[in-house]
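An overview of the molecular structure
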Amino acid sequence: MRILWLCNIMLPLIAQALGRESSNKEGWLAGLSDRILAESRNNEIELGVCFPVTADEESLRGKVQGISYYGFSEDTVHPERYDVSLEHHLRNILRDFQPDVVHCFGTEYPHTLAMTRAWNRPERTMIGIQGLCFVYADHYMADLPLSVQNGKTFRDVVKRDDLRKQQQKFRERGAYEKEALKNTLHVTGRTRWDKYWTKEVNPDARYHFMNETLRANFYGKKWELGKCRRHSIFLSQGNYPIKGLHYMLEAMPEILKQYPDAHVYVAGDEITRFGTIKEKIKISGYGVYLRRLIDRNRLSDHVTFLGRLNAEQMLAQYQQSNVFVSPSSIENSPNSVGEAMLLGMPVISSDVGGVRDMLENGREGWLYDTSDVDRLAGLVCHVFAQENESEVLAMAAAAAAHAGRTHDPDANYSRLMEIYHEINVCV
């Protein structure tokens, strides 16, 4: 059976073979492709992978360790724009690889819609739900003050990328998502949230439940209270409003009253930089607001942006932190929450999207209403309190056991093989 993957990134094994730096995004794809290759004699699958590249690389193609790979030209910087020439490039790939099933990972980029149009075989098309832009758009502003929502910096004006425009771009991407979902008869998901929304768009599509496998380096590793940095808080992202860093900054003054050494560590670029002329020109409206919160709440010595971290650096940061917090205004099932749970560390998350399907509130971690920053502060202090240590450790252990089942590589691989064979045989 010939399976063609449509991915948002070049797989690490392909990048390494071409002597390029591999992306840290969607690391679970690497583990899945490695497993398919290792089991190739038994699964009878020949795998092809296509992914976006720059215009001067659109003829990129070859074979690595038995995987056929293809590049296609796409402007991923502006995913709100649909380029009809994508369909032509993808038809050429389809003609060359001749797949039995096309598996699109995610709906967030126009290439998924282009693939469904180019392939035009909904009975042999499967789309895996990650996030859904058409839903995320409604939560994009995440309770920001109206003055911030409507504000513009020099960078925002020049790039035509202020917060209102960013929200509109999500809506435009959402329109492509909806059409792509209507063009398939098979969808994979893992929460009641994504099942509900995909059925709203296409009630005729068959929904296949399938959990995700996490990055390989997180398996077999454990978080230990005695080895972490006490009163440290880790957030895996914070560069746009949906990820909710501003909620965390609003909660910090209450936390600091009880724990003056509390510190927030945020993976990703420091979008609040304002020291040089260049940084002042490049700062975004959201970056200005975060900086204002940091200054107003006197948090400059209590917030550290860690820059872009690879998988090993992320693992180290989880293990060094006292608690993981996901304060997002919307999520489906964030892998960052899964990674923290798998390690057996305390987890606090906003009760949004499909998170409730990942973590049982009060038994495996804590969920709270997104905008309730007082509750967020109270939960962080509860985790930090020495008298709650046994409770916190018991919940973290329960979370690890749950995540071990959810993200079981063997079970998830077997389930994917079942789905592929069901689609191939039933057509």
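Look a little higher up for the structure.
Residues numbered from 1 in each chain as written. Predicted model: local features only at pLDDT ≥ 70, side-chain atom pairs only at ≥ 80, totals over all residues. Heavy atoms only, no water.

Broken down by element type, the protein chain carries 18 helices and 14 strands. The globule rule puts the C-alpha radius of gyration for 427 residues at 22 Å, and the 22 Å found for the protein chain is close to it. Its C-alpha atoms give the protein chain principal-axis dimensions of roughly 65 × 50 × 45 Å. A separation threshold of at least 6 residues defines the contact pool for the protein chain, and within that pool the share at least 24 residues apart is 69%. Total accessible area on the protein chain is roughly 18,400 Å²; 47% of this is exposed by carbon and sulfur atoms. (Helix = DSSP H or I, 4+ residues; strand = E, 2+ residues; numbered from the N terminus. Rg over C-alpha atoms; globule rule 2.2 N^0.38 Å. Contact = heavy atoms within 4.5 Å. Areas by Shrake-Rupley, 256 points an atom, 1.4 Å probe, with all protein chains shown as cover.)

In a beta sheet, neighbouring strands are held together by backbone hydrogen bonds and run either parallel or antiparallel to one another. Taken together, six strands build an open sheet; the order of strands is β11-β10-β9-β12-β13-β14 and the sheet is parallel. Edge positions in the open sheet fall to β11 (303–305) and β14 (366–368), since each of these has one partner strand only. The average undirected angle you get between the axes of adjacent strands in this sheet is 20°. Pairing analysis gives three bridges linking strand β12 (residues 323–326) to strand β13 (residues 347–350), with the strands arranged parallel. Its bridge partner being in β13, Ser326 is matched across the sheet by Ser349. In this fold helix α11 (residues 245–258) packs onto β9 (232–235), β10 (263–266), β11 and β12, with an angle of close to 170° to the strand it touches most, β9. (Pairing = 2+ DSSP bridges. Axes fitted to C-alpha atoms, helices over the stretch in contact; angles between N-to-C directions.)

Relative to the helices and strands, Thr153 resides in the loop between α7 (146–149) and α8 (154–159). Engagement of the side chain of Thr153 in a polar contact is seen with the backbone oxygen of Ile283, the distance being 2.8 Å. Among residues more than four places away in sequence, those in contact with Thr153 are Ile283, Ser284, Gly285 and Val288. (Polar contact = N/O pair within 3.5 Å; in protein donor to acceptor, adjacent residues only side chain to side chain.)

Attention shifts here to the packing of aromatic side chains. Counting across every chain of the model gives 14 aromatic pairs. Taken together, a centroid distance of 6.1 Å and an interplanar angle of 80° make the contact between Phe134 and Trp197 edge-to-face. With a gap of 63 residues between them, Phe134 in helix α6 (residues 133–136) and Trp197 in helix α10 (residues 192–201) connect regions that are remote in the sequence. Note on Trp197: relative accessible area 27%, which makes it partly exposed. (Phe/Tyr/Trp six-rings, centres within 6.5 Å; stacked < 30°, edge-to-face > 60°. Buried < 20%, exposed > 50% of the residue type's maximum accessible area, 1.4 Å probe, protein only.)

We now examine the nonpolar core. Ranked by size, the top nonpolar core spans 81 residues in total, and within it Met115, Ile233, Met248, Ile255 and Ile348 carry the most contacts. In this structure Ile255 touches Ile233, Met248, Ala262, Ala377, Val380, Cys381 and Phe384, once residues within four positions along its chain are discounted. (Core = buried A, V, L, I, M, F, W, Y, C linked by side-chain atoms within 4.5 Å.)

Here we come to the sheet that holds strand β2 (residues 46–53). Strand order in the open sheet formed by eight strands is β3-β4-β2-β1-β5-β6-β7-β8, and the pairing between neighbours is mixed. Looking at strand neighbours, the two that pair on one side only are β3 (61–64) and β8 (206–209), the edges of this open sheet. Across this sheet, the average inter-strand angle for adjacent strands is 25°, counted without regard to direction. Here β2 runs beside strand β4 (residues 67–73); their pairing, made up of six bridges, is parallel. When the sheet's bridge partners are listed, Pro52 is paired in β4 with Phe72.

All right, on to the packing of helix α15 (residues 335–343) against helix α17 (residues 389–406) then. With their axes 6 Å apart at the nearest point, α15 and α17 run at an angle of 115° to one another. Viewed along their axes, α15 and α17 form a crossing whose handedness is left-handed. Between α15, through Gly338, Met341 and Leu342, and α17, the contact on the second element is made entirely by Ala396, Ala399, Ala400, His402, Ala403 and Gly404. A breakdown of the residues in the contact of α15 with α17 according to their chemical character gives six nonpolar, three polar and no charged. (Left-handed = near helix turned anticlockwise from the far one by under 90°. Nonpolar A, V, L, I, M, F, W, Y, C, P; charged D, E, K, R; others polar.)

Okay, the side chain of His246 next. Mapped onto the fold, His246 is located in helix α11. On the basis of relative accessible area, His246 is assigned to the buried category, the value being 1%. At 2.8 Å, the side chain of His246 forms a polar contact with the backbone oxygen of Ala142. Looking at His246, its side chain comes within polar contact range of the side chain of Tyr286, at 2.8 Å. Once residues lying within four places of it in the same chain are set aside, the contact partners of His246 are Ala142, Leu144, Pro241, Tyr286, Tyr289, Leu290 and Leu293.

What follows concerns the environment of Gly220. Within the secondary structure, Gly220 is located in the loop between β8 and β9. Relative accessible area serves as the criterion here: at 75%, Gly220 is assigned to the exposed category. Between the C-alpha atoms of Gly220 and Val325, which are 105 residues apart in sequence, the distance is 22 Å.

Attention now moves to the packing of helix α5 (residues 110–119) against helix α9 (residues 163–182). Each pair of packed helices can be described by the angle between their axes along with the distance between the axes. Interaxial distance between α5 and α9 falls to 8 Å at its minimum, and their mutual angle equals 30°. In terms of orientation, α5 lies roughly parallel with respect to α9. Judged by the twist between their axes, the crossing of α5 over α9 is left-handed. Contacts between α5 and α9 involve Pro110, Thr112, Leu113, Thr116 and Arg117 on the former and, on the latter, Tyr176, Glu179 and Ala180. A per-class count over the contact of α5 with α9 returns four nonpolar, two polar and two charged. (Parallel < 35°, antiparallel > 145°, perpendicular 65-115°, else oblique.)

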